Each structure stands twice: as structure tokens, then as C-alpha cells.
Amino acid sequence: MRLSRGRPIAVGALAAAVIGGALTFLALPNAEAATLGSGSYATTQPAGTTGPTGCGSIATNPRQYVTANAPAGAVPTNDWWSSLLFKRTDCNYALPLEAHPMAFQPSAGGLGVSYTTEASISGTATGVGEYHFPYTTEFTLGVSGLNAPNTLVDGWTDWTVTPSWSDGARTLKTTIGHGLPFVYAQTSGGNAQLTFGGAPSVWTNSGNKVGFTVRGHDYMAYAPTGATWTVSGNAITSTLAGKNYFSVALLPTTTSTPAADRTSLANTYGTYAHNHVTGTRVAWSYDQNASTVNATYTLTTTAREGTGSGTVVALYPHQWKSLAGSSTIAQTYVSPRGQMKVITGAAAFTTATRFQGVLPEVPAVADSAGADLTTVGGYLDQVATGDPLAAFGNDTYWTGKGLGRAARAAELADQLGRTAQRDALLSAIKTRLTDWFTAGSGEAGRLFVYNQAWGTLIGYPASYGSDQELNDHHFHYGYYIAAAATLAKYDKAWAATSAYGGMVNLLIRDANNPDRSDTMFPFLRDFDIYAGHDWASGHGSFGAGNNQESSSEGMNFANALIQWGIATGNTAVRDAGLYIYSTQAQAIQEYWFDSSNQNFPSTFAHNEVGMVWGDGGAYATWFSAEPEMIQGINMLPITGGSNYLGYKPSYIATNYNEMTTNNGGPPTVWQDVLWSFQALGNGDTALANFRANSGYTPEEGESKAHTFHWIRNLAALGTVDTTVTANTPLYAVYTKNGVRTYAATNLTSAPLTVTFSDGRTLTVAAGKTATTGAFTWSGGNGSSNPPTSQPPTSTSPSPSKSPSSSSSPSSSPPPATGSNKFYLRSGPALNTTAGGGATTQTVTAANGNYDGTPHNPVTYQACGITGSVNGGATQFTLHVDAGTTVGQGIEARVSYDFTGSGTYGRVETYRYFATDPVTGTEQYTQAVGLASSSGTLAAMNRGCVKLEVWNAIGNAPTTVRIDATAANGNQSTVTIPYTV
């Protein structure tokens, strides 16, 4: 959600001590500030500022809506059920609580229950659009005669909550939660009662079970053994045979389900109906050798009768797609997050999520022959001159943005050996963080204040509701933590817990505290454990539930925890970051991007949402209707932890192309963010966009130095390779033209040997990043076992190394191609060896006239070519097929980059080839003739050849035959006029 320094005092209300390696807080006498190592924070509200606000005495007493049974310590905020506690619109009850598969809304008479299976969609295909599964009361679960003045909270666990009602004569407690198809109830003072808007449709009423249907949805209510249900008028009631408990289950059936199957399923659910879920808990662990984060979700049940255990639980897509073990999944529910799948009889389930690595920054590997190094150096001069934070506001968010920009530039300067610039940037970061991390007497700005009533740390000046509504703490503080992690690599003394590291840890504990025993802050405030992602609103009091737009800033926080934890040796923080990062990376692909095209309603006209709501999603933001910002807000900031955006390269083009369609052309704002995202799918195209439009205005948290560095190097590295992992958190693997580049960072003081899952090893020097398979700007080698044509290189030189000492291109031998004939291979790529079996590559429909201008081309490329011009001409044979479609024309362009710099000195565009409407391949060759050409062929020194294929005309896709063996025949090839 985003709606658009003096000396520390030695005595404080709280102080920290390190006991047995753990951070323990000791109570001290009340005072204006509390010391924490060399830092401090205020414990009283500065004049002119405000803290959380709301109904009644909420500002000073957030527990006014909890019962005496509620857990001690800080109250949770930023949850799916937060409007029960932190009410802003309705001071008596709450707005809809989106638990999934059901939704709930308390009222005076009890708990309203809803299950909506049809989406409500509004907006346009090219403008702002939304989908929601809106709350609609199907019945109210309560006690006869109940008329409670409000709803209190009797307790909560990791993903459940227990609302409570009392009118003095009657009481009701219900437990609801994510993934629970049951509502569990306890009553006193009256009969259990289910109230409907009209006469209920009852399909069975036998003994202690009654089944009914509302809006086509089947439910079964289970009373204690020996009880019965009475149907009368618009209500179903039960005396509960003198007992005080019952439950109601939403069945994954409909009126079209055969009666026998519906009854059988109701009986199965009945096995667990009185095993009330009374606790939920997550525990995570990091398997470093397997690069896997394992998370176990445990549901504790209490048998209200009998001795049964286990329950029924529905899993979200990000969970059932990563489910470990052999749990049987049969039934499904509809939800705003897509299909939820049911496990029956479980007491726990475990997900195993592959962690694909992060880096402090994308490595500098591009061989620029000096030109691009000069370019990035010039851009870096612009960032590092003067105060890099001068143009940013003083509030927590914009200070964070400035710190993030400076930290990216510092990492880049270090890679390039620009130690003076690096140190100037680090000095500015250190000065600003130190200022924020000290709270002097009477200070009102650039300080953090601990609000003991709410158990939260608020930075002032606050912004976007971070004070009154406790919004966005993970967004704001993630930038501070990330900048501190960069600083910690070079100034370990500053980052020590006894210095300012304790203040960094305090920010972590406020936004997403990983320590359950720490009563100073709630456990994982912003992260919804079961939903798998953060919520930005502190109160969540909206008709559509809670919300979050900038999932990427949530990932910036998670990456910051990983980087800080490793830099400071805090494995608990590191592992919490790994859990949040790996889980949320999946959730983003599923719920913000729907990159598998399975979760959004089929009639929703967008391929991504800017905001996820409890009951749906919106192609929108809080602050702009610009398509660039709607889509870009889930990309920024671009950092070494942004590779998760590239896990599905094919989706990147889908996302980017929709932006250009909705925008009516290429981006006109936030170009750098969008090109950086595009580079994860097609670095060459992103680089061409940057070079053609380098006069753009950077997004506030970006710099041209970092953007050019990111795009230029991804153009050389290729796309993220998710098939290979490593036994360290700080790694990445990239693939281009069938060649992998391995990268790893070592923040320790001794050499580190990293082993990748495909058997490759890489030795990384202390304090460095090393790569294999590509030439670096900055020179220097590690040691590993790659092919001799792909020497390992260090991209983080020692502080004494300057750019002028970089290796020349000739110091690293080019790949030996052995042939000037290249085969079209999957990837897509060009390779001097044929494939292993024929397949096809689809070329998307033109849906317009693009004769001479590549439009959604498939790009095949080979690099590292050294050779002389042999006097011939380009030749190609492409085996293409348009099936039975008429009016199709496919076109090709061949480009030559003589030095691998990204500049193409010779470009040849050939006339399009009109395919016939007969199934079967045809040969498209250079014989069609040139439509245009530019430049002159010259000798290649580690150069590149690129083939682009697109449909120039026609409204249907075309295929190109690739990967064919000699035995398969009909091999698609390109022959270049060079002796190599």
C-alpha cells in the first residue's frame, strides 16, 4: 500500500545485551531514548508527530478489542484479519475477512460466511481493470438471540484468528483461518443457529448432521454426537445436546455433484469435524547443499469429542506446486488466488522450494573493448559527485530510496575498481544511517521511535501512513537494511551489534520479526505466512480485504535480510530472509503475474496486476494509472536480488508487450525499470532500447550507471538458468546461446569453493565475486573447472585495482567455433553443432504489417567468434511452415557485431517469404534477396552474429524447424562469410 541527531542518551527504557550469541533486551528505567550499541531510538513520541490512530482508545490501547485470553506481547498488524483489531471504518465489528476459501464478516448476531466462486470484473483491457470475488453473506453463524455490541479477538496463531462475541447473556467464539474449510464454534447461553436470507435449501438432515446449499455451494453443519438440527423458517438451530461446540464445513461440491458422492465427502469431512484447529505454526529450514528452503506448516487440533486428530486443509497454488511428500490431493476450491487443493487428514504439510540464489549485484562480465566501460564510468561520475542523497526527501520512504540508489552505485564502483567513488558513496550511506540510528534529546526528525503500546518502531518523518496506519514498514526499512548490508561488507566495525548493527536488527524485528520469543514486536508482522506474501496495509480495513501493490519492494526487504545476515554472520536473519524470499518469489509469479496463466479469471483482460487484494487483484496502483507504473511498481528496485523476476523468461515478453500496448507505444516514464526487467528475458533488445533512448529521465531510485551496468551485462549473460543451483546463497547461473555463466560471491575472509548442482565448481577469493564463462570488465581470475575457452573471472577487484589495469580482450581466448556454419537450436540460439532431435520454434502472428521492421522476433545468436571476411555472402536456410493459413509472410534479419560490444556494424534485412497454405515445411533462403542493408563486413574479434525471425504479415503464428539432426534432415542453418 502506498497512498500517493544529537548524541544518544546513555540510559534508556530498553537496552540490548548479547548473551550466548543471542540478542536479549533488558528493561531499564523509563527515559526519552534507549541506547542500542552505539545507536539509540526514542521511546516517547516527538512533538508534532502521531502514532497509530483509530477508534476509541486505539492510539494508546491497541488491546481494547482483545479478550483476556489473547496472547501477550505486541498485537499483530498487516494481516488478513487486522480489521478485527485495528478498525478504522467500523468501530464495532470488521470489514470482510478474506481467509480463503471462505470469507467472513462479523456482525451483532455472529459470523457472516461467504464463498464466492464467480469473479466480478470491471475496467478495460488497456486501462485500469479489476477483478474481485466480493463478499456476500450466505448465512450467519451464531447463537439464538445473540446481539453483541462488538466483536473482540480471543486469540490468534500463525494463520488463524478467533473472533469472540458476548451480549452479557450469550457468547460465541469461532476459529477461522487461511486454508480452513471449517468454521469451528463454541457457544453459551443459547442454541447454535445458522440464519439465512430466506428458507434454507436443505439436502440432508440426519442425526447430528445437516447439509444445506446456498448460491449453489454445499455446506454441512456438524453438532455433537446425540444432537439434532431443527429447520424452521429462515434458520437452522440445535441445542447441541447440552454441549457447547459445533462446526460448519464448506464442501468442495455443488448441486451438480452426485448425491452419493456429496454424502460420502460430507462423511469424510465429518471424521474431522470435531477436531477443532486450535493452533497453526510454520517452521522453516535452509538445506544449503540442495539450495532448498523447507517449510513445515503444522495444524494443532483439539478433539472436542473422541480422540481424533488431523484435519482438512486447502492449499494455495504456491503451496501445492511445491508440496513435499506424497499427500493425496483430490478436491478443489475456487479462490481469488486460483485453485486451492485439499489434503484430508493432515496434521502438517511441508513445502520444498528451490532457492535460485541472489547476488550483491549483477556481475560485470561484458567485453566492451573499452567503449561501454567508459560509458558506465561517466554515468557513475554523475552519481558519485557531491551528496548522493541530497535530492531525496527526509521521510523514511524517500530516504530509503536514496540509500538504495547509493548502495547500488557503490557496489558497481567496487566492481569497476573505482575505489574513490565507492568510498565516497559508502561514506554518505554511513553518515545518513548513523544519523537515523541515533536519537538525541528533543530530536524530532531522522530518528526511530519505539511505540511500546503497539510494539512497533516508527521512523520520523513518516510517510504513506507508516505512522498512523503502520503501512509499508517492510518497504521503507528494506532499503535501510540493504544499504547497511552493503556498508557492512567494507565496515564490519560499524555493522557490529555493539555498534550500529543492533539498530539494523531492530528494523528487521519491527517489519518481520523472525523470533517468536521476542515480545517487543509481533512475529513476522508484514508477511502472511500461509498466503506466502506481504500485506502493506497495517489495518486491512477495506471492503476487498487487505492489499499490496509493490511486491518487489517486499522482495527487496527479503533480499536485504539475506545479504545482511550473511555479511554479519546472523544465520537466523539470513534464513528468515531465505524463507520469505523463496516463498514470495513463487507467490509473485502466481498472484501478481499469473505467469502460468492459471489463476486469474479467464475473462480478466490483463496478464498481471499492480495490486493484489484479499478478494482479487487490480491492474492499478494507489498513485498512478500509467501502465508503466502499474507494471513497474512490481519490478523496482532493481538489485542483485531481482533475478526472481526472470525465472520465467518467456513471460517477460508477455508482460512488457502488454505495457507497450496499454501505453500506446514504448514507455515514456520509468524506462530504466522496465528495460531492466526486459533484460532478464532479452538483454540484447533491452540494450538496444537503452542505446536508442539514453536521454530518458531515471526513476527516482535508479541511476543511469546502474541501469546501463545491469542491462549491458545481462545482454552478455543471458537469462536466469533455474535448472542449476549452488551450495551457497550468494550465487546465480545464466544461460546464453547454450553456454552457462556461473557466478558466486564470497563475503568471508578466506577463499570459498562453490559447487553447483551440475558438478561445476568455482573458487571465489575472499571478499570477491567470481564468474565463469564470460569476459569481465574488471579482470582478475578465480579458479574453477570450466572449459578452457571460458576462464573464470573475478568481478569484484581488490580496492587497489583500478580500471586501467583491466585485462584486454586478447588475454582471454575466444571460444573456438571451428565452423562458419551455425544451426538453429532451442534456447533460442545458434550453435556450430546440430541439435539432438527435430522440434519447432513458434513465431508469433504479425497482426499487422511489419515488413522490414522486426516485431516480436525470435532471436538466435552466437558470440565469441573470431575470424576474417572470406569474400562471400551470408547464406541461410530456414525450414518454415504456416500450416493451412493463407496470407502469411515470414522475414529474417542477420546482424554482425564485430567485437561483441553490442553495436552491429553490418545489418542485412531480407525480403519476407510468402508461405503457402499447405501443411509441411518450405525453405526460406537468402535467395529472396535483400530488402535493405547497412554497414560493411569487417574482421570479428570475439564478435557476434544474430538472426532475427518474425512474421511480417498475417494473423497466425508460423513455425521454424530447429534442433534437427543430420538424420532428421531439413536442418535450419546460417552460414556467415567468414573464415574462423
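Small disclaimer: the values here were computed from a predicted structure and weren't measured.

Q: Can you walk me through the overall build of the chain in this structure?
A: For the chain, the count of helices and strands is 15 helices and 56 strands. Over its C-alpha atoms, taken along the principal directions, the chain stretches across nearly 100 × 75 × 45 Å. Scored against the burial criterion, the 980 residues of the chain give a buried share of 59%. By element, 49% of the accessible surface of the chain is carried by carbon and sulfur atoms, the whole surface being about 31900 Å². With 49 positive and 61 negative side-chain charges, the chain shows a spacing of 6 Å between the two charge centroids.

Q: Help me understand empty space enclosed by the protein in this model?
A: In this approach, a probe sized like a water molecule rolls over the atoms, and the result shows the empty space that is left. Space inside the largest cavity adds up to approximately 150 Å³. Broken down by secondary-structure element, the contributors of at least two residues to the lining of the largest cavity are α4 (396-415) and α6 (473-490). Examining the composition of the lining of the largest cavity, we find that 5 residues originate from one element, α4, more than from any other. Partitioned by chemical class, the residues of the lining of the largest cavity number 6 nonpolar, 4 polar and 5 charged.

Q: Got a minute to help me understand the environment of Phe523 in this structure?
A: Within the fold, Phe523 resides in the loop between α8 (497-512) and β30 (527-528). The sequence separation of Phe523 and Thr77 amounts to 446 residues, and the corresponding C-alpha distance is 9.9 Å. Not counting chain neighbours up to four residues away, the residues in contact with Phe523 comprise Asp158, Val282, Trp284, Asn513, Pro514, Asp515, Arg516 and Ile529.

Q: Would you explain the packing of aromatic side chains in this entry?
A: Working definition: an aromatic ring pair is given by the centre-to-centre distance plus the angle between the planes. Evaluated as defined, the whole model comprises 60 aromatic pairs. Taking 4.6 Å as the distance between ring centres and 45° as the angle between the ring planes, the aromatic pair formed by Phe86 and Trp454 counts as tilted. Of this pair, Phe86 sits in the loop between β4 (39-42) and β5 (97-98) while Trp454 sits in the loop between β28 (447-451) and β29 (456-460); the two residues are 368 residues apart in sequence, bridging distant segments of the chain. An identical accessibility class is assigned to Phe86 and Trp454; each is buried. Ring geometry for Phe542 and Trp622: centres 5.9 Å apart, planes at 45°, overall tilted.

Q: Please explain the side chain of Thr915 as it appears in this structure.
A: Assignment of secondary structure puts Thr915 in the loop between β50 (913-914) and β51 (922-925). Sequence-distant contacts of Thr915, that is, excluding residues within four places in its chain, are made with Val880, Ala882, Gln888, Ile890 and Glu922.

Q: I tried to follow the confidence of the model for the chain on my own but got confused; where do I start?
A: Predicted coordinates in areas of low pLDDT are best not read in detail. Across the chain, the average pLDDT comes to 90, with 92% of residues at 70 or higher. Low pLDDT, under 50, characterises residues 3-31; the predicted model gives this stretch 76 contacts beyond four residues in sequence or across chains.

Q: Honestly, the sheet that holds strand β27 (residues 348-354) in this entry has me stumped. Any pointers?
A: Strand pairing in a sheet takes place through backbone hydrogen bonds and is either antiparallel or parallel in direction. Across the sheet, which stays open at both edges, the 3 strands sit in the order β22-β23-β27 with antiparallel pairing between neighbours. The sheet is open, and its two edges are formed by β22 (275-287) and β27, each paired on a single side. Strand after strand, the sheet turns through a mean of 15° between neighbouring axes, direction not considered. Bridge analysis of strand β23 (residues 292-303) against β27 gives 7 bridges, and the strand direction is antiparallel. Counterpart to Asn294 in the pairing with β27 is Ala352.

Q: Even after reading the chapter, I still don't get the state of the cysteines, so can you show me in this structure?
A: Per the counting criterion, the structure on display carries 2 disulfides. Each sulfur in the disulfide pair Cys55 and Cys91 lies 1.8 Å from the other. Its torsion about the S-S bond being -75°, the disulfide of Cys55 and Cys91 is classed as left-handed. With a gap of 36 residues between them, Cys55 in the loop between β4 and β5 and Cys91 in the loop between β4 and β5 connect regions that are remote in the sequence. Take Cys91: its relative accessible area is 34%, and that puts it in the partly exposed class. The cystine pairing of the chain, numbering bonded cysteines in sequence order, is 1-2, 3-4.

Q: How should the pairing of strand β39 (residues 761-764) be read in this particular structure?
A: Here is the key point about a regular strand: its side chains alternate between the two faces of the sheet. Because side chains alternate across β39, one face comprises the buried residues Leu762 and Val764, and the other comprises Thr761 and Thr763, none of which is buried. Inspection of the sheet shows strand β38 (residues 752-755) paired to β39 by 4 bridges, in the antiparallel sense. Pairing of Thr753 across the sheet is with Thr763, part of β39. Between β38 and β39, which pair antiparallel in sequence order, lie 5 residues; one of them, Gly759, sits at a positive phi of approximately 100°.

Q: What is the right way to read the sheet that holds strand β17 (residues 209-214) from this model?
A: Spatially, the 8 strands line up as an open sheet ordered β11-β12-β13-β14-β21-β18-β17-β16, and their pairing is antiparallel. With one partner strand each, in any of the chains shown, β11 (151-156) and β16 (201-206) form the two edges of the open sheet. Shown here is a sheet whose adjacent strand axes are inclined to one another by a mean of 20°, direction ignored. Relative to strand β12 (residues 160-166), β11 runs antiparallel, the two sharing 5 bridges. When the bridges of β12 are listed, Leu152 appears paired with Ser164.

Q: I keep staring at the packing of α6 against helix α9 (residues 551-568) and nothing clicks. Help me out?
A: Two numbers describe a pair of packed helices, the interaxial angle and the distance between the axes. Here α6 crosses α9 at 30°, and the two axes come no closer than 8 Å. The pairing of α6 with α9 is recorded here as roughly parallel in orientation. Pair α6 / α9 crosses with left-handed handedness. Contacts from His474, Phe475, Gly478, Tyr479, Ile481, Ala482, Ala484, Ala485 and Ala488 in α6 reach Glu553, Gly554, Asn556, Phe557, Ala560, Leu561, Gln563, Trp564, Ala567 and Thr568 in α9.

Q: Could you clarify how one ought to interpret the pattern of salt bridges in this entry?
A: Once their charged atoms are close, side chains differing in charge can pair, the charge on each being opposite to the other. Applying the stated rule across the entire model yields 24 salt bridges. Between Lys489 and Glu411 there is a salt bridge, and its shortest N-O distance comes to 2.7 Å. On the criterion of sequence distance, the pair formed by Lys489 in helix α6 and Glu411 in helix α4 is long-range, its members being 78 residues apart. Asp414 is paired through a salt bridge with Arg422; the nearest N and O atoms lie 2.8 Å apart. Linked through salt bridges whose partners overlap, the residues forming this network are Asp372, Arg691 and Arg712.

Q: Explain the pairing of β4 to me, please; I cannot follow it from the model alone.
A: The two faces of β4 match: Gly39 and Tyr41 on one face and Ser40 and Ala42 on the other face are all buried. Of the pairings in the sheet, the one linking strand β3 (residues 33-36) to β4 comprises 4 bridges and is antiparallel in character. Residue pairing for β4: Ala33 is matched across the bridge by Ala42. Connecting the antiparallel pair β3 and β4 is a turn made up of 2 residues, with Gly37 showing a positive phi of about 65°.

Q: Even after reading the chapter, I still don't get unusual backbone geometry, so can you show me in this structure?
A: Residues other than glycine predominantly adopt negative phi, and peptide bonds predominantly adopt the trans conformation. Cis rather than trans, the peptide bond between His100 and Pro101 has omega equal to 10°. Tracing the chain through its elements places Pro101 in the loop between β5 and β6 (103-107). The omega torsion of the bond from Gly827 to Pro828 falls at -10°, within 30 degrees of zero and hence cis. Among the structural elements, Pro828 can be located in the loop between β43 (821-825) and β44 (829-831). The phi torsion at Leu524 lies on the positive side, around 45°, for a residue other than glycine. Here the phi dihedral of Arg942 falls at roughly 55°; this positive angle occurs in a residue that is not glycine.

Q: So what exactly am I meant to see when it comes to helix α14 (residues 683-692) here?
A: Since one α-helical turn is 3.6 residues long, residues separated by three or four positions face the same way. If you check which residues of α14 are buried, you get Gly683, Asp684, Ala686, Leu687 and Phe690. When α14 is viewed along its axis, its buried side chains cluster within an angular range of 160° and face the same direction. Turning to α14, the residues buried within the fold contact α3 (371-384), α13 (671-679), α15 (704-717), β36 (731-736) and β46 (858-869).

Rules behind the numbers
- Residues numbered from 1 in each chain as written.
- Predicted model: local features only at pLDDT ≥ 70, side-chain atom pairs only at ≥ 80, totals over all residues.
- Heavy atoms only, no water.
- Helix = DSSP H or I, 4+ residues; strand = E, 2+ residues; numbered from the N terminus.
- Buried < 20%, exposed > 50% of the residue type's maximum accessible area, 1.4 Å probe, protein only.
- Areas by Shrake-Rupley, 256 points an atom, 1.4 Å probe, with all protein chains shown as cover.
- Lys, Arg positive; Asp, Glu negative; His and termini not counted.
- Charge placed at Lys NZ, Arg CZ, Asp CG, Glu CD.
- 1 Å grid on protein atoms, 1.4 Å probe; cavity = no way out; pocket = protein on both sides within 12 Å on 5 of 7 lines; lining within 4 Å.
- Points joined across faces, edges and corners; volume = space filled by probe spheres on them.
- Nonpolar A, V, L, I, M, F, W, Y, C, P; charged D, E, K, R; others polar.
- Contact = heavy atoms within 4.5 Å.
- Phe/Tyr/Trp six-rings, centres within 6.5 Å; stacked < 30°, edge-to-face > 60°.
- pLDDT = per-residue confidence, 0-100.
- Pairing = 2+ DSSP bridges.
- Axes fitted to C-alpha atoms, helices over the stretch in contact; angles between N-to-C directions.
- Disulfide = S-S within 2.5 Å.
- Parallel < 35°, antiparallel > 145°, perpendicular 65-115°, else oblique.
- Left-handed = near helix turned anticlockwise from the far one by under 90°.
- Salt bridge = Lys/Arg side-chain N within 4 Å of Asp/Glu carboxyl O.
- Arc of directions from axis to C-beta.

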